[in-house]
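# Inside the fold
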Amino acid sequence: AGVLMVGVIPRRIYKAAVRTLQLVLAAALFPVLRGCYLRVRHFGMTALASFGIRIEPSRRNTVPGLSPKSTVVRGRNQATRRPTLAATTGSQGADGPSQLFVLIHGLGGTPDDLRCLERNLTQRGGTDVLVHKPACNTLVRSFDGVPNGARRVADEIRAVVAEHRASLRRISLVGNSLGGIYARYAAALLFDEDSKTIAGLEPTTFLTTASPHLGVGPFGYLGMFPSPLQTVGAALIGESCSQLMLRDGRGNQRPLLAKMADPMNGKEGARGSGGGSGARDEADGLPFVDALASFERRCAYANAVNDFLVAFETASIDPDATRTMREKRSREASNPASANIIDAGGFGAAAGPTGSFLFPFTGAPRIADERDHIPTDPASHERSLSGSGSDAGDGLALQRKMAAGLQTLSWHHVDVEFPGYLPLAHNKICALQRDPMMEFLFKDGEFIVEHQAEYLLTWVREQ
């Protein structure tokens, strides 16, 4: 029968049919295999628990108003090296934690994606630290649009702050991938313009890892797909993807991410959606950039290579980042002593051809560069916008305007490289550890997460 089919049906169609059958079988077998894995895992953990060995203690939250799988964990007591439960040990009194870290996962993710960062913060930060991982946008719930997800995150933050109001003084937001966009929107929802506070707390650090600040689509791997295919794909996958691909602008409305990058958005008499008064929505009235400016410092970690989902340009808030990095690497190749590279062992590495930005296939994971961005003048940014016409196009003109708006603030940039033949850097930069298999695949990023934790805790220690 197979021979007859090959003779009648063109070979290409026959191969497509075989591949389709393989995908169907794989989809059918995946739930069975996953169920077997979970049963074996449960049996192993139960057996270990009978000997008094607990691999991962249960951390169910006791804060009213949170999703069942959200976690609120206080830092470890440095004397006993044991974690302190957030709802006990007088955490709601004056001796409770003063610094709240909110870790927000990305599209289709779970709170466990950021377990490695949570562990580093609680182990290194002491009992002054409280770490909250919202679970309100897990898996498919993250596809219903940035505003919906950000409102759920903001509600959880309000609940945690209310529970620990007596001790909490400062707040830091950390967003991975789409979580960085959620964090920016939630910050605007929680921002008080009079006191310059977020949820009534002093904003300290805003940090993102591989977040698409300028959207996705024209950059990196996704830029290889034709524009019509991107539009259809975004519409099929969900509203969040439409917003990330800047395909949500309807009529005179600007895309959501363009509003979120406009320093004048939400201000009286400012250029709004471009439509009539009836066309305005919630995002038109929110001071996104002002809320971001209230943080004492902002930091963006970006994958310079091998990130399939969020390209270097959008994560580093620079449409020309690839060209700039290539020129920098070329200069360093001719003068290795000028390289500013930290490898996985924490030692400087020469910017030779092996594993460099120009040859991203071999070499050790590394921090390729750290730099500070000096903010530009908001007035000059607004003048450039007023003379540039509509920004509803699909080209890089819109992305440049968005970058210019965000660059009115100071940023600390950390560029990361995970060389290899597979574009897995997006999950490595956060050392995604949803389960043992994920932990094995993405453990290369643990030293980057340690770097993130040290950056976040520096300000706490100085205080």
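Residues numbered from 1 in each chain as written. Predicted model: local features only at pLDDT ≥ 70, side-chain atom pairs only at ≥ 80, totals over all residues. Heavy atoms only, no water.

## Digging into the overall build of the chain
Helix and strand content of the chain: 16 helices and 12 strands. Summarising the internal contacts of the chain: among those between residues at least 6 apart in sequence, 75% fall at separations of at least 24. Total accessible area computed for the chain in this model is approximately 21,500 Å², and 59% of it derives from carbon and sulfur atoms. (Helix = DSSP H or I, 4+ residues; strand = E, 2+ residues; numbered from the N terminus. Contact = heavy atoms within 4.5 Å. Areas by Shrake-Rupley, 256 points an atom, 1.4 Å probe, with all protein chains shown as cover.)

## Overview of the pattern of salt bridges
Throughout the structure, instances matching the rule amount to 16 salt bridges. Of the charged contacts in the structure, one is a salt bridge between Arg323 and Asp320, with a shortest N-O distance of 3.9 Å. Judged by relative accessible area, Arg323 falls into the partly exposed class, the value being 44%. Judged by its relative accessible area of 22%, Asp320 is partly exposed. Connected through salt bridges with shared partners, the residues Lys259, Asp281 and Asp284 form a single ionic network. (Salt bridge = Lys/Arg side-chain N within 4 Å of Asp/Glu carboxyl O. Buried < 20%, exposed > 50% of the residue type's maximum accessible area, 1.4 Å probe, protein only.)

## Some points on a nonpolar patch on the surface
A cluster of nonpolar side chains, Met224, Phe225, Leu229, Phe308 and Leu309, forms an exposed patch at the surface whose accessible area comes to about 510 Å². Topologically, Met224 is positioned in the loop between β8 (202–209) and α6 (227–237). When its relative accessible area of 65% is taken as the criterion, Met224 is described as exposed. (Patch = residues over 30% accessible without salt bridge, like charges linked within 9 Å, V, L, I, M, F, W, Y side chains within 5 Å.)

## Let's talk about the packing of aromatic side chains
Counted according to the given criterion, the structure contains 2 aromatic pairs. The ring centre of Tyr455 lies 4.1 Å from the NZ or CZ of Arg297, which sits over that ring. (Phe/Tyr/Trp six-rings, centres within 6.5 Å; stacked < 30°, edge-to-face > 60°. Lys NZ or Arg CZ within 6 Å of the ring centre and 35° of its normal.)

## With respect to the nonpolar core
Core analysis: the largest hydrophobic core is formed by 62 residues, its most contacted members being Leu100, Ile157, Ile171, Leu173, Tyr185 and Met402. Among the secondary structure elements, those contributing two or more residues to this core are β3 (99–104), α4 (146–163), β5 (170–176), α5 (178–190), α8 (256–260), α9 (288–293) and α13 (396–406). No other element matches the 9 residues that α5 contributes to this core. Not counting residues up to four positions away in its chain, the partners in contact with Leu100 are Leu130, His132, Val160, Val161, Leu168, Arg170, Ile171, Ser172 and Leu201. Counting residues in hydrophobic clusters, the runner-up holds 31 residues, among them Leu103, Leu114, Val449 and Leu456. (Core = buried A, V, L, I, M, F, W, Y, C linked by side-chain atoms within 4.5 Å.)

## Some remarks on the side chain of Arg170
Within the secondary structure layout, Arg170 lies in strand β5. Despite its burial, Arg170 remains without a salt bridge, the nearest opposite charge being carried by Asp128 at 4.0 Å. Non-local contacts of Arg170, meaning those with residues more than four positions away in its chain, are made with Ser98, Gln99, Leu100, Asp128, Leu201, Glu202, Thr204 and Trp459. (Lys, Arg positive; Asp, Glu negative; His and termini not counted.)

## What to know about the packing of α4 against α5
The packing of two helices is summarised by the inter-axis angle and the distance between the axes. Contact pair α4 / α5: the axes reach a minimum separation of 8 Å and the direction vectors enclose 65 degrees. The crossing of α4 and α5 is right-handed. Residues Val146, Pro147, Gly149, Ala150, Arg151, Val153, Ala154, Ile157 and Arg158 of α4 form the contact with α5, whose own contacting residues are Leu178, Ile181, Tyr182, Tyr185, Ala186, Leu189 and Leu190. Here the residues of the contact of α4 with α5 are counted per class, giving 13 nonpolar, 1 polar and 2 charged. (Axes fitted to C-alpha atoms, helices over the stretch in contact; angles between N-to-C directions. Left-handed = near helix turned anticlockwise from the far one by under 90°. Nonpolar A, V, L, I, M, F, W, Y, C, P; charged D, E, K, R; others polar.)

## Points about the environment of Pro134
For Pro134, the position within the fold is in the loop between β4 (129–133) and α4. Its relative accessible area of 2% is what places Pro134 among the buried residues. With sequence-adjacent residues up to four places away left out, Pro134 is seen in contact with Ser70, Val102, Leu103, His105, Pro111, Val153 and Glu156.

## Focus on the packing of helix α3 (residues 115–125) against helix α16 (residues 446–462)
The contact between α3 and α16 brings their axes to 9 Å, and the two run at 40 degrees. In this view, α3 runs oblique relative to α16, as classed from their interaxial angle. Regarding α3 and α16, the two cross each other, and that crossing is right-handed. Contacts between α3 and α16 pair Cys116, Leu117, Asn120, Leu121, Arg124 and Gly125 from the former with Glu446, Val449, Glu450, Gln452, Ala453, Glu454, Leu456, Leu457 and Arg461 from the latter. (Parallel < 35°, antiparallel > 145°, perpendicular 65-115°, else oblique.)

## Structural notes on the pairing of strand β12 (residues 411–417)
For a regular strand, side-chain orientation follows a simple rule: the groups alternate between the two sheet faces. The buried count for β12 comes to 7 of 7 residues, which makes it a mostly enclosed element. Residues of β12 alternate between two faces, with Trp411, His413, Asp415 and Glu417 on one and His412, Val414 and Val416 on the opposite face, all of them buried. As judged from the 7 bridges shared by strand β11 (residues 366–373) and β12, these two strands associate in the antiparallel manner. Within β12, the residue paired with Glu370 across the bridge is Val414. (Pairing = 2+ DSSP bridges.)

## Considerations on the environment of Val174
Considering the arrangement of structural elements, one finds Val174 in strand β5. Val174 has contacts with Val102, Leu103, Ile104, Leu117, Leu207 and Leu456, leaving out every residue within four places of it along the chain.

## What about unusual backbone geometry?
As a rule of thumb, non-glycine residues mostly have phi less than zero, and peptide bonds are mostly trans rather than cis. If you check the backbone angles, Asn306 has positive phi at about 65 degrees while not being a glycine. Backbone geometry places Ala431, a non-glycine residue, at a positive phi of 50 degrees. Along the chain, Ala431 falls in the loop between α14 (425–428) and α15 (436–442). Residue classification places Ala431 among the buried positions, given a relative accessible area of 0%.

## What to know about the confidence of the model for the chain
Per-residue confidence for the chain averages 81 on the pLDDT scale, and 71% of its residues sit at or above 70. Note that residues 272–278 has pLDDT below 50 and, in this model, 11 contacts with residues that lie over four places away or in other chains. Predicted confidence is poor over residues 347–356, with pLDDT under 50, and the contacts of this stretch with residues over four places away or in other chains come to 23 contacts. (pLDDT = per-residue confidence, 0-100.)

## Considering helix α11 (residues 321–334)
Over its 14 residues, α11 extends 20 Å from the first C-alpha to the last, a length consistent with the 20 Å expected when each residue adds 1.5 Å. Along α11, the residues classified as buried are Ala321, Thr322, Met325, Lys328, Arg329 and Glu332. Angular distribution of buried residues about the axis of α11 spans 125 degrees; they occupy a single face of the element. Residues of α11 that are exposed and angled more than 90 degrees away from the buried face: Arg331 and Ser334. The secondary structure elements touched by the buried residues of α11 are α10 (312–315), β11 and β12. (Expected span 1.5 Å × (residues − 1). Arc of directions from axis to C-beta.)

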